[in-house]
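If you want the building blocks of each chain, they are given just below.
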Amino acid sequence: MSFLFVNFSQAQEVQIELGPDEIGLNETFTIKVTLSNDKIKSYDQFPEIQGFQKQGISQSSSMNIINGQMSSSNSIIQYYKPTRKGQFTLGNFSVLINGESFSSPGKKITVGDAVSTQGLGGNAADPFADFFGRNAEEPEYVELDDDAFFSVSVDKKEIFAGEGFNLNLAFYMSEQNQAPFQFYEPGKQLDAVLKKLKPNNAWEENFNITNIEPEVVEINGKRWIRYKVYEASFFPFSEGTIEIPRVPWEMIKYKVAKNPTFFGANRQEDFKTFYSNPQTITVKPLPPHPLKNEVSVGVFQLRENISTLEVETGQGFDYNFGINGVGNINSVSAPKRMPGANLNTFDPNVRQQINRGYGRVSGIKEFNYFITINEAGEYELDDHFNWIYFDPVRAVYDTLMPQAKIVVSGESKVNEALSGQRLGGIYDKIDTESNQFANEQYKYYFMTAINLLLLGAVALLAVLIIKKK
């Protein structure tokens with residue numbers, strides 16, 4: 001693979017990463033653009049490559065927190081499928097990211113025999129080819145029958161609270177469709193539609209589609225060209241029913257001249273409104289459990305990494321507890337730290353990466369701990385860490401537990417650890433402050449003032465008694 005780094009601003013950087021030099025006929029080539037410390041708000045079309053077909057775009061984002069400092073990156077990946085074997089050249093090209101142009105020198109790509117890894121299939125076609133020409137006379141226009149529809153689809157009709165479902169808005173045309181269409185103010189229409197569609201009581205992971213690209217899909221044995229206008233995954237916070245209403249989508253549909261001529265206006269702009277079908281998603285409550293309202297929901301695995309398995313007492317080491325899988329990565333909390341003597345930890349550094357593509361949200365959240373142990377012995381980390389979650393596929397609660405065992409040798413450091421602990425507050429001043437009573441130097445003046453006050457009170461009382469008599 002090759003990389004190109006481009007300075008974007010003082011704290012931002014654009015990286016253009018090209019796929020490998022050699023791939024199999026059934027593999028995919030990729031162009032990946034990564035922007036650091038900013039969101040990708042807009043981007044231009046990726047280049048065409050001779051001998052390849054575009055296969056769609058996916059996006060991903062990642063976030064790191066190291067010692068309280070946060071950094072992030074966002075990526076767009078364009079996939080290409082080779083159509084034949086041979087050597088091809090991706091020439092110099094530029095991509096417009098957030099209104100700024102970034103260039104890559106390209107590379108040569110060799111496509112060989114198919115290998116065991118499956119590539120992404122599909123063809124792309126452009127149904128919006130323009131008709132040119134003028135007609136000396138006003139032509140007669142006719143409307144062609146269309147084979148197209150607008151769809152609001154979900155991938156699941158029944159889920160658990162906290163489990164994600166994918167919501168997809170797309171316009172479909174069959175490969176045999178003859179009626180010419182064009183999108184009409186898609187951004188404005190989408191804003192209005194989403195106000196009706198988005199569930200309120202749910203976390204949204206938006207796939208951020210900024211360019212409407214054609215992709216070929218097969219439905220019930222028939223090939224269609226799909227144009228996605230919106231895709232997101234939603235994770236409901238509580239049980240209930242989510243109603244996705246029927247919504248309209250307006251397209252420009254051209255009427256065509258009955259007798260087209262070379263110098264005529266051979267099409268006339270018209271409009272057609274398509275309507276989606278309503279959808280209903282049932283959100284079931286999680287089964288009874290003490291942590292029912294706290295656990296994450298998804299299909300997760302533990303990916304742990306540890307710097308060493310044999311240490312001396314008091315010697316620190318790093319332990320990484322990584323939660324990897326499909327689900328709402330943002331909702332993943334730190335593993336439970338169970339109390340235990342002699343093993344000390346600090347708040348972990350957190351690293352998170354979220355991938356949005358192929359109709360699901362996946363990623364990893366890592367918690368990196370610095371650990372010290374003050375007493376010799378063998379320590380099973382599953383006695384000190386665990387993470388409970390709910391698996392919606394198996395409909396059971398499960399626990400991710402470490403497999404690592406730490407062997408500690410050396411003299412006890414328990415007393416040193418206690419003496420080295422910062423007690424805080426007034427104890428911090430013990431070594432710097434005087435051990436004499438603060439009011440000692442004022443004792444004489446204090447006692448004199450008290451005696452004078454008492455004497456004045458007695459004199460005042462005597463005067464009052466005399467006046468009364």
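The structure contained in this document is the topic of the report that follows. (Residues numbered from 1 in each chain as written. Predicted model: local features only at pLDDT ≥ 70, side-chain atom pairs only at ≥ 80, totals over all residues. Heavy atoms only, no water.)

This brings us to the overall build of the protein chain. Regarding its fold elements, the protein chain presents three helices and 33 strands. Put simply, the protein chain has 469 residues, and 39% of those count as buried. Contacts in the protein chain between residues far apart in sequence, at least 24 positions, make up 73% of those at least 6 positions apart. Accessible surface for the protein chain amounts to roughly 27200 Å². Of this, 51% is attributable to carbon and sulfur atoms. (Helix = DSSP H or I, 4+ residues; strand = E, 2+ residues; numbered from the N terminus. Buried < 20%, exposed > 50% of the residue type's maximum accessible area, 1.4 Å probe, protein only. Contact = heavy atoms within 4.5 Å. Areas by Shrake-Rupley, 256 points an atom, 1.4 Å probe, with all protein chains shown as cover.)

Turning to the sheet that holds strand β24 (residues 310-312), a few remarks are in order. Judged by pairing direction, the sheet is mixed, and its three strands sit side by side in the order β24-β33-β30 without closing on themselves. Lying at the two open borders of the sheet, with one neighbouring strand each, are β24 and β30 (377-380). Taking each pair of neighbouring strands and ignoring which way they run, the sheet shows an average axis angle of 30°. Here β24 runs beside strand β33 (residues 405-409); their pairing, made up of three bridges, is parallel. Across the sheet, V311 pairs through a bridge with V408, a residue of β33. (Pairing = 2+ DSSP bridges. Axes fitted to C-alpha atoms, helices over the stretch in contact; angles between N-to-C directions.)

Once that is clear, we can look at helix α1 (residues 186-197). With twelve residues, α1 extends 16 Å from end C-alpha to end C-alpha; this agrees with the ideal 16 Å at 1.5 Å per step. Contacts from the buried residues of α1 go to β12 (148-154), β14 (165-174), β18 (222-236), β19 (240-244) and β20 (248-257). (Expected span 1.5 Å × (residues − 1).)

The full count for this structure, using the stated rule, is 21 salt bridges. For the salt bridge of D398 with R394, the shortest nitrogen-to-oxygen distance reads 2.7 Å. The partly exposed category is assigned to D398, whose relative accessible area is 27%. On the accessibility criterion, R394 (46% relative accessible area) is partly exposed. Each of E143, D146, K253 and K272 takes part in one network of salt bridges that share partners. (Salt bridge = Lys/Arg side-chain N within 4 Å of Asp/Glu carboxyl O.)

Inspection of the secondary structure puts N26 in the loop between β3 (22-24) and β4 (29-36). Judged by relative accessible area, N26 falls into the buried class, the value being 15%. Reaching out from N26, the side chain makes a polar contact with the backbone oxygen of V115 at a distance of 2.4 Å. (Polar contact = N/O pair within 3.5 Å; in protein donor to acceptor, adjacent residues only side chain to side chain.)

Turning to the pairing of strand β8 (residues 93-97), a few remarks are in order. Burial of β8 is one-sided: the residues F93, V95 and I97 facing one way are buried, the residues S94 and L96 facing the other way are not. Note that β8 and strand β9 (residues 100-104) share five bridges and pair antiparallel. Bridge pairing in β9 links L96 to S101.

Spatially, β3-β10-β7 is the arrangement adopted by the three strands of the open sheet, whose pairing is mixed. Looking at the sheet topology across the chains shown, the edges are occupied by β3 and β7 (86-90). The sheet shows a mean angle of 30° between the axes of neighbouring strands, direction not considered. Across three bridges, the pairing between β3 and strand β10 (residues 107-112) is parallel.

All right, on to the nonpolar core then. Ranked by internal contacts, the top residues of the largest apolar core, which has 33 residues, are F150, L169 and F171. For this core, the element with the most residues is β18, which contributes six residues. With 27 residues, the next largest nonpolar core counts I329, I354, L381 and Y389 among its residues. (Core = buried A, V, L, I, M, F, W, Y, C linked by side-chain atoms within 4.5 Å.)

Let us look at a nonpolar patch on the surface. A cluster of nonpolar side chains, namely F446, M447, I450, L453 and L454, defines an oily patch on the protein surface of about 520 Å² accessible area. Tracing the backbone shows F446 in helix α3 (residues 443-468). (Patch = residues over 30% accessible without salt bridge, like charges linked within 9 Å, V, L, I, M, F, W, Y side chains within 5 Å.)

Time to look at the side chain of D391. Structurally, D391 can be placed in strand β31 (residues 385-391). The exposure class of D391 is buried, given its relative accessible area of 5%. In terms of polar contacts, D391 uses its side chain to reach the backbone amide nitrogen of V393, at 2.9 Å. Apart from the residues lying within four places of it in its own chain, the contact partners of D391 are G298, V299 and V396.

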